[in-house]
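Structural description and commentary
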Amino acid sequence: MATATATATATATATATASSTQLKDTATSVGPRVRALRDAMGLSLRDLAERSGVSAPMLSQVERGETSPTLAVAGKIAAGLELTLSQLLRLDEGQHVVLSRAADRRRSERGGHRFEELTPPLPGQRADVSLHVLEPGATTGGRADPPMHEPGSRETAVVLAGTLVLVVDGARHELLEGDSVTFDADLPHHFENEGAEATRFLAVIAAGLRRS
C-alpha cells in the first residue's frame, strides 16, 4: 500500500512539474504575441500599461523576451488585451492551423441576404471573414443579421460581383465590382443592392483596431 501511494505521489509530482515547465516555456515565448496583439489594437506601451496595471518597462522587457512574466503578470497583460490567460498563452489551442471546409461553414439567410462565416470560431480571434450574397433590392442590417460590432472595430468589404451601396452613419457610398472600402464598423451601417443582378462581396471585420 505504501509503495502504491509513493508511486502515485511521484506520478502527480512529475505531472505537475511537466505542466509547470510547459507554462514556463509558453510564457517565455509570449513576448512577440503580446507585441503583435498590442499593435493590432493600436495601443502604445503606456496604453497597455494603464489597461493592465503592468508597468511599461516590464511590458517592454516581456515583448523583447528579456524576461519571462509570472502567470500573475501574464494574467494582467491578458486582461489588458481583453483576453483570458489561456487565450494569451494559447493553452486552449490544440493546433496552429485550422481548416474551414466549405460544407461545414456556418450559414444564414434572411430576405435576400445570404452569408457564410469563412473563419472558424477560435479563442482570442480578433478578425472574422464572411461571404455575402445580396439579391436585387435586398439589404443587410435586419434582425437576423449579426449585431453591431464592438467599439473600435473596422470592416473592409470587397465587391466580387455586381454593384453595392454602403450606407455608413447616413452617408451613401457606391461600389462597383472589384472595389473595396474600409470603415469604422461601430457606426450605424448597412449594405444595399440596387442593381438588377445578385451582388457577392467579402467582409472582413477586425475587432478593436480603432482607438475610440
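Located above this text is the structure these notes cover.
The paragraphs below set out a description of the structure included in this document.

Definitions and limits used
- Residues numbered from 1 in each chain as written.
- Predicted model: local features only at pLDDT ≥ 70, side-chain atom pairs only at ≥ 80, totals over all residues.
- Heavy atoms only, no water.
- Helix = DSSP H or I, 4+ residues; strand = E, 2+ residues; numbered from the N terminus.
- Buried < 20%, exposed > 50% of the residue type's maximum accessible area, 1.4 Å probe, protein only.
- Contact = heavy atoms within 4.5 Å.
- Areas by Shrake-Rupley, 256 points an atom, 1.4 Å probe, with all protein chains shown as cover.
- Pairing = 2+ DSSP bridges.
- Axes fitted to C-alpha atoms, helices over the stretch in contact; angles between N-to-C directions.
- Lys, Arg positive; Asp, Glu negative; His and termini not counted.
- Salt bridge = Lys/Arg side-chain N within 4 Å of Asp/Glu carboxyl O.
- Polar contact = N/O pair within 3.5 Å; in protein donor to acceptor, adjacent residues only side chain to side chain.

**Quick notes on the overall build of the protein**
Secondary structure summary: the protein contains six helices and nine strands in total. In the protein, buried positions account for 33% of the 212 residues. For the protein, the proportion of contacts with a sequence separation of at least 24, taken over those separated by at least 6, is 64%. On the protein, roughly 12000 Å² of surface is accessible, and the fraction owed to carbon and sulfur atoms is 54%.

**Some points on the sheet that holds strand β5 (residues 164–168)**
Sheet architecture is open: three strands sit in the order β6-β5-β8, paired in antiparallel fashion. The outermost strands of the open sheet, each flanked by one partner alone, are β6 (171–175) and β8 (189–192). In this sheet, adjacent strand axes meet at a mean angle of 20 degrees when their direction is disregarded.

**Points about the side chain of E155**
Tracing the chain through its elements places E155 in strand β4 (residues 154–161). The buried charged residue E155 lacks any salt bridge, with R154 as its nearest oppositely charged partner at 11 Å. Here H189 takes part through its side chain, which lies 3.4 Å from a polar atom of the side chain of E155.

**Considerations on unusual backbone geometry**
Even without being glycine, E82 reaches a positive phi, approximately 60 degrees. One can find E82 in the loop between α5 (71–80) and α6 (85–89). In this structure, D169 is a non-glycine residue whose phi angle is positive, near 50 degrees. Among the structural elements, D169 can be located in the loop between β5 and β6.

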